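Here are the chains, one letter per residue:
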Amino acid sequence: MSPTRPVRALPAVALGLAAVLYASWLLGPLLNPALDLTHGYASELAARDQRYHLVFGAGDVLTGLLATVVGVRLATGARDAPRLAWLGLALFGVATALDAGVASMDCSPSTDARCARLAALGALSWRHQAHSITSSLALAGGVVSLVAILAVLRTPAWRRWGIAVAVVLLVGTVGTLVEAARPDAAPGAWQRVQLVGLSGWLLLAAAVAAGPAAAIPAAGRDTGS
């Protein structure tokens, strides 16, 4: 076995674990059935007034830390995929860790009318108000990374996988934005589609980190900035 193979496998394993941890919202119906899957955002599971919020918060914080470490490590090497892909991964990681840690929500607007009123008035803590910023930065990092990876994928099977992930992420993001503007909306369902897309991107990034030769021919690999 090549001595570089275990080293290359570490980022892939870390990103695979990050994808699993990022899907901790799937435990929502079991641990916090009061939060509706259709109307409640997944991030409300980590709101500080919710049951088991530490479980869901820890899942996202660990996801963020893993993505940050791997993103920085691969960006400094700038091998096999554009540096922008790994910088986007690092941005996603930092923003996600902050999102679930420092900027976790005070309460759950979808289950608490008082919380919803205070949120509409901007009367909740700066942490709660900053949550939308960190969430947006995390999404931006994921999108940038996915687009950068898609740009260099050449193997048809890998491109199909990448395009499928991109479509899911796009549908979830557009649906979330459209539904969030309607008072009778179901943004939670669309946001969860978006989260599936982000987990798919993390798995794609893990696969590229593990075996780039199968996805990116030598002539298409980035060797510079």
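Everything below is about the structure printed above this text.
A brief report on the enclosed structure follows. (Residues numbered from 1 in each chain as written. Predicted model: local features only at pLDDT ≥ 70, side-chain atom pairs only at ≥ 80, totals over all residues. Heavy atoms only, no water.)

A word on the pattern of salt bridges
Point 1. All chains considered together, the criterion is met by one salt bridge.
Point 2. Between D106 and R48 there is a salt bridge, and its shortest N-O distance comes to 2.0 Å. Separated by 58 residues along the polypeptide, D106 in the loop between α4 (83-100) and α5 (113-121) and R48 in the loop between α2 (28-31) and α3 (53-77) bring together distant segments of the chain.
Point 3. Note on D106: relative accessible area 18%, which makes it buried. (Salt bridge = Lys/Arg side-chain N within 4 Å of Asp/Glu carboxyl O. Helix = DSSP H or I, 4+ residues; strand = E, 2+ residues; numbered from the N terminus. Buried < 20%, exposed > 50% of the residue type's maximum accessible area, 1.4 Å probe, protein only.)

Some thoughts on a nonpolar patch on the surface
Point 1. Together, L27, L30, Y52 and V55 give the surface a local cluster of nonpolar side chains, amounting to about 390 Å² of exposed area.
Point 2. Within the secondary structure, V55 sits in helix α3. (Patch = residues over 30% accessible without salt bridge, like charges linked within 9 Å, V, L, I, M, F, W, Y side chains within 5 Å. Areas by Shrake-Rupley, 256 points an atom, 1.4 Å probe, with all protein chains shown as cover.)

Here we look at the environment of G71
Point 1. Its place among the elements puts G71 in helix α3.
Point 2. Separated by 13 residues in sequence, G71 and L84 place their C-alpha atoms 9.7 Å apart.
Point 3. Ignoring anything within four residues of it in the chain, the contact list for G71 reads W86, L89 and A90. (Contact = heavy atoms within 4.5 Å.)

Shape is all these values report; function is a separate question.
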